[in-house]
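Structure assessment
One-letter residues, chain by chain:
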Amino acid sequence: MARADQLQRQRKIDGYAVAAIAPVIALVPAWLIAVASFWWVFVQFYYVPFTLFAIVWFLLGGLLFVRPIQRLALQRLLGARKPTRAERDTLQRSWHIVAQANHIPPGKFVLAVSDSDELNAFASGGHLVVVSSWAISHLSHDDLCGVLAHELSHHLGMHTLALTVGQWLTIPIILLARIGFLLQNVAHAATDTFASRSSWGVFVGRTIAGIITIVSWLFLAIINIAQYISNAVGKGAEFKADETVVSMGFGRQLLNSLRIVVSSGNGERATHWRDRLVTSHPPARTRIARIEAQLRQMPRGNRR
């Protein structure tokens, strides 16, 4: 008889995890510029080669895949928090069922909560699973199992790897953009205060402020473009995770959760292409149809 640890579902990089590298590549040029800016400030006090500075900065992102760091930093970075005692009990009851079905130690993952009035959940890092407070308080035990199984599927497919790297790369870009907008305000204030009597001074001040503004908006535009690419790739990853959930035996439970999304009026396909660009998940109705089709193809004894 096979041992339980031999039956444990293993992480395996699938095609969608590989495709998720595309938005990370889109971020790299802006990330290098942002890191170079911080490196320039750093070397005013202590010199290190830029290559070493950039490599160390990049590798520090690996800490986001360490469980203690995910508890301390990543969940806060993503706007999540530690569950209350009641939330933890509810989550753990469902999580233990999902973990047991896949022969995975329950303590291998970090469970966190995002305060939201919607049914939502997401996976990040190497072990973090975040569930909305609404889902915890309103979903049944079985339906919550389906949601958690879906997020576990993202981890098993390594879909969170490139996503987390991308989140790490955006930090210096966003920080530099914010500094840029701050300098823009300073430049405007200085122009109004000290150069108001000189047309040349006003021209120079407003030119500097305009350049800073353009650069800052370019940085944010690159982040948006990378996000659009990530959303396009992410829709395929959602379908793949749904397929894994069905193979785990939690297809019916996930269906119930998706039907709740539809009943709330959020299950339709976006009609405008701009709305589809900013949507990270495929329509709930489409996911339901695909899951139902997969369930019909399974032997009757394996359906749940």
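Thresholds applied
- Residues numbered from 1 in each chain as written.
- Predicted model: local features only at pLDDT ≥ 70, side-chain atom pairs only at ≥ 80, totals over all residues.
- Heavy atoms only, no water.
- Axes fitted to C-alpha atoms, helices over the stretch in contact; angles between N-to-C directions.
- Helix = DSSP H or I, 4+ residues; strand = E, 2+ residues; numbered from the N terminus.
- Left-handed = near helix turned anticlockwise from the far one by under 90°.
- Contact = heavy atoms within 4.5 Å.
- Nonpolar A, V, L, I, M, F, W, Y, C, P; charged D, E, K, R; others polar.
- Phe/Tyr/Trp six-rings, centres within 6.5 Å; stacked < 30°, edge-to-face > 60°.
- Lys NZ or Arg CZ within 6 Å of the ring centre and 35° of its normal.
- Expected span 1.5 Å × (residues − 1).
- Buried < 20%, exposed > 50% of the residue type's maximum accessible area, 1.4 Å probe, protein only.
- Arc of directions from axis to C-beta.

1. Looking at the packing of helix α3 (residues 21-42) against helix α4 (residues 50-60)
For the pair α3 and α4, the least separation of the axes is 10 Å and the interaxial angle reads 115°. In this structure, the crossing between α3 and α4 has a hand that is right-handed. Across the interface between the two elements, Trp31, Leu32, Val35, Ala36, Phe38, Trp39 and Phe42 of α3 pack against Phe50, Phe53, Ala54, Trp57 and Phe58 of α4. Grouping the amino acids of the contact of α3 with α4 by side-chain chemistry returns twelve nonpolar, no polar and no charged.

2. Quick look at the packing of aromatic side chains
All told, the structure shown has six aromatic pairs when counted by the stated rule. Ring centres of Phe38 and Trp57 lie 5.7 Å apart, and the angle between their planes is 35°; this geometry places the pair in the tilted category. Here Phe38, found in helix α3, pairs with Trp57, found in helix α4; they are 19 residues apart in sequence, far enough to count as distant. When the centroid spacing of 5.8 Å and the interplanar angle of 65° are considered together, the rings of Phe53 and Trp57 count as edge-to-face. With Phe53 and Trp57 both in helix α4 and four residues apart, the pair spans about one turn of that helix. Three or more aromatic residues joined by ring pairs make a cluster, and in this case those are Phe38, Phe42, Phe53 and Trp57. Between the NZ or CZ atom of Arg290 and the centre of the ring of Phe239, over which it lies, the distance is 3.9 Å.

3. Brief notes about helix α13 (residues 284-297)
Here α13 spans 20 Å end to end across 14 residues, near enough to the 20 Å set by a 1.5 Å rise per residue. Residues of α13 that are buried include every one of Ala284, Arg287, Ile288, Ile291 and Leu295, and no others. For α13, the arc enclosing every buried residue in end-on projection is 100°, short of the 170-degree limit, so these residues lie on one face. Turned more than 90 degrees away from the buried face of α13 sit Arg296 and Gln297, all of them exposed.

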